[in-house]
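Read off the chains here:
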Amino acid sequence: MTTSFSGNGFKRQSINADAWAMLEVARREGIETVWDRLEKQQPQCGYCNLGTSCRICAMGPCRVDPFGDGPQKGVCGADADIIVARNLARMIAAGASAHSDHGRDILETFHLVGKGETDTYKVTEPEKMRRLAAEYGVSVEGKTDQEIAADLSWEMMEDFGMRREKLPLAGRAPKSRQEIWEKTATYPRGVDRENVEALHRTHMGVDNDWVNILLHAVRTSLSDGWGGSMIATELSDVLFGLPTPKASTVNLGVLKPNEVNIVLHGHNPMLSEVIVAASQDPELLALAKEKGAKGISLAGLCCTGNEVLMRKGIPMVGNHLMQELCIMTGAVELMVVDYQCIMPAVTETAKCFHTKVVSTFDKAKFPGAEHISFDPHHGMEIGKKIVRMAVENYANRVAQRVNIPVNAAPMMAGFSVEAIVQALGGTPEPLVKAIVDGSIRGAVGVVGCSNPKIKQDLGHTELTRRLIENDILVVVTGCAAVADGKAGLMVPEAADQAGPGLSAVCKALGIPPVLHMGSCVDNTRILVLAAALANHLGVDISALPLAGAAPEWYSEKAVSIGTYVVASGIYTVLGTAPPVFGSPNIVKLLTEGLQDVFGATFAVEPDPNRAATLIRRHIERKRAGLGLAAHDPDAIPMPEAELMPA
Ligand code: BF8
Ligand code: SF4
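What counts, and at which threshold
- Residues numbered from 1 in each chain as written.
- Chains lettered and ligands numbered in written order.
- Predicted model: local features only at pLDDT ≥ 70, side-chain atom pairs only at ≥ 80, totals over all residues.
- Heavy atoms only, no water.
- Buried < 20%, exposed > 50% of the residue type's maximum accessible area, 1.4 Å probe, protein only.
- Helix = DSSP H or I, 4+ residues; strand = E, 2+ residues; numbered from the N terminus.
- Polar contact = N/O pair within 3.5 Å; in protein donor to acceptor, adjacent residues only side chain to side chain.
- Domains from an automatic or database assignment.
- Contact = heavy atoms within 4.5 Å.
- Buried area = accessible area lost by both parts, 1.4 Å probe.
- Salt bridge = Lys/Arg side-chain N within 4 Å of Asp/Glu carboxyl O.
- Nonpolar A, V, L, I, M, F, W, Y, C, P; charged D, E, K, R; others polar.
- Pairing = 2+ DSSP bridges.
- Axes fitted to C-alpha atoms, helices over the stretch in contact; angles between N-to-C directions.

Participant: Can you lay out helix H10 (residues 269-278) for me, pointing to particular residues and giving the numbers?
Facilitator: With respect to burial, H10 is a largely interior element, 9 of its 10 residues being buried. Here H10 has its buried residues at Pro269, Met270, Leu271, Ser272, Glu273, Val274, Ile275, Val276 and Ala278. One side-chain oxygen at the N-terminal end of H10 lies 2.8 Å from the backbone nitrogen of Met270; it belongs to Asn268.

This is the structure in structure tokens:
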């Protein structure tokens with residue numbers, strides 16, 4: 001794979017004009033980007049790509065030759081199956097840990113609310129908190145919100161430990177699904193427990209049965225999906241409010257030429273929510289005016305951005321691959337980061353401009369950034385301090401270097417499960433009816449990252465287009481949502497790009513054919529929706545005409561997500577190949593064997609048009625399985641690979 005700037009230029013890196021304009025700035029000014037560094041890494045290690053390299057002990061590093069010419073075993077005797085399984089399990093554990101530790105941070109803040117020890121946060125959604133309390137068997141009789149928060153948070157902390165046999169939120173899955181998890185010993189118990197056990201098992205000389213390793217990897221991922229991530233989503237709603245449909249905007253054009261621009265980057269909404277409030281502080285607004293700015297403007301990046309977009313309608317400046325490029329507009333006074341998906345490179349890029357980078361979580365420091373330790377006891381004070389820094393920095397902006405190359409595109413967001421059900425009139429019945437009568441064939445979650453190995457946003461947008469054209473409702477999260485938003489697929493008028501059935505449903509409800517369900521921890525909203533549909537119909541999730549896709553994934557978190565989605569019964573197509581191809585046994589297990597155990601499998605298909613066909617065929621098979629009118633899956637033609645190298 002080459003990412004050379006020669007030939008047809010930046011169009012090989014991205015489909016978006018805003019990215020092209022900034023790549024031109026980077027070329028002109030000699031600023032390095034993620035694409036340059038990818039090119040310098042070529043050729044990347046073939047063993048690592050296939051998953052057959054191991055460096056977990058000091059007898060190694062070792063590698064197994066997939067072609068049979070070189071060594072077939074590591075120094076300890078581990079073969080390709082063991083090495084690939086261990087590596088995959090560790091990827092899943094790292095991803096699950098990232099999401100779940102984010103969930104723990106929100107839970108600890110919720111606990112501070114319960115103890116009355118924060119001047120910043122409060123229970124915003126008491127009804128949702130009470131529903132959660134019921135699921136955890138916490139009585140609410142005669143208690144204040146604060147008392148419920150105290151008792152519920154204490155109970156939820158048990159989800160991270162080892163006193164549970166089952167995570168309570170997994171009880172939302174249909175009985176049939178829970179039975180599968182029980183039978184396979186994959187029912188998640190404690191979030192920390194599964195992650196620690198994953199690291200234990202993959203230490204040299206512990207679990208050497210690759211199937212057994214992978215089953216525990218599944219359990220670890222389920223502790224993320226039905227545990228840590230779900231806690232993150234649920235409690236963020238309780239603290240910061242339930243997302244409801246709202247109009248916003250997306251791309252580099254959301255930056256304001258005459259205002260103080262603050263970019264919110266990372267994943268955790270605790271700080272970004274506070275900055276939203278601080279940016280409206282009259283004193284800071286007056287200071288901004290004094291400095292010659294018309295106002296203070298916020299823009300989100302990655303999943304912190306998605307969180308405040310979903311709840312507050314804050315515009316999105318871009319997804320993962322825009323984090324360096326947005327600084328190159330010369331219009332960003334300050335980028336505040338929390339954790340996850342923040343490239344260490346951003347501080348280098350910032351040095352070429354007046355942009356300040358501020359890190360905030362003590363577990364995520366960045367050389368070159370100013371660190372302001374975030375303490376939820378005094379969130380607002382810290383939020384104001386950061387906004388003030390941005391305002392003060394406006395004076396350092398160099399007007400001649402400001403280059404905001406496009407106009408912002410409109411997009412809608414805010415489709416929590418509760419909001420979707422409300423849009424449907426208070427019950428999932430109209431959606432079920434549309435699926436039963438075939439006007440909507442099924443629904444697909446298009447989720448995950450951007451990865452410089454794939455032309456930015458091409459995988460997400462082409463797959464989404466092919467699906468909605470064929471009357472498949474698309475729900476999106478994470479960086480996929482930003483891609484589809486930029487492409488104009490997330491406004492009600494995009495119903496015109498959908499097939500006739502989906503288009504009519506969207507127009508009747510006034511919704512886009514692509515629904516933004518949130519950040520990456522909010523993939524749990526998709527699980528909750530799938531479980532609600534399955535329970536409504538009295539079937540298992542695996543019987544439903546649903547699928548998942550991660551066309552441009554890069555992160556370990558995405559591997560955990562993909563795994564819990566498949567283990568929840570939803571067929572999932574990956575665009576980027578995971579490092580498993582050095583073990584034909586494991587490839588067979590993931591793409592075929594899982595069907596018998598979990599009723600769903602993975603597929604890998606880099607070309608989005610071909611991925612769409614795989615998904616459409618799968619959905620028609622599921623429709624037939626439910627006795628619904630279905631097209632012949634084999635009559636849906638498989639296009640040649642054109643858009644992506646196979
Ligand atoms: O958690 S989609 S690049 S920002 S990992 Fe990261 Fe991937 Fe974006 Fe969101 Ni999710
Ligand atoms: Fe090599 Fe085995 Fe050590 Fe891995 S665990 S580095 S395969 S000796």
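Participant: Which residues make up the domain arrangement of the protein chain, and what values go with them?
Facilitator: Considered domain by domain, the protein chain is made up of domain 1 (75-240), domain 2 (252-401) and domain 3 (415-635). Using C-alpha coordinates to define each centre, domain 2 is positioned 32 Å away from domain 3. The partner domain 3 presents 22 residues to the 16 residues of domain 2 that form the contact. Where domain 2 abuts domain 3, roughly 1400 Å² becomes buried across the two surfaces, and 62% of that area is made up of carbon and sulfur atoms. Broken down residue by residue, the surface that domain 2 buries against domain 3 is led by Met310, Asn319 and Leu321, which jointly contribute 41%. Across the domain 2-domain 3 interface, the total number found is 0 salt bridges. Those elements giving two or more residues to the side of domain 2 that touches domain 3 turn out to be helix H12 (302-312) and strand S6 (316-318). When its residues are assigned to classes, the side of domain 2 that touches domain 3 shows 8 nonpolar, 6 polar and 2 charged.

Participant: Provide a residue-level description of the sheet that holds strand S16 (residues 602-604), including the pertinent values.
Facilitator: Strand order in the open sheet formed by 6 strands is S13-S12-S11-S14-S15-S16, with parallel pairing between adjacent strands. Across the chains shown, the open sheet's two edge strands, defined by having one partner strand only, are strand S13 (514-518) and S16. Strand after strand, the sheet turns through a mean of 25 degrees between neighbouring axes, direction not considered. Judged from the 5 bridges that link them, strand S11 (residues 442-446) and strand S12 (residues 472-477) form a sheet pairing that is parallel. Pairing of Gly445 across the sheet is with Val475, part of S12. Seen against the sheet, helix H23 (residues 608-625) touches S11, S12, strand S14 (546-550), strand S15 (572-574) and S16 and runs at an angle of roughly 165 degrees to S14.

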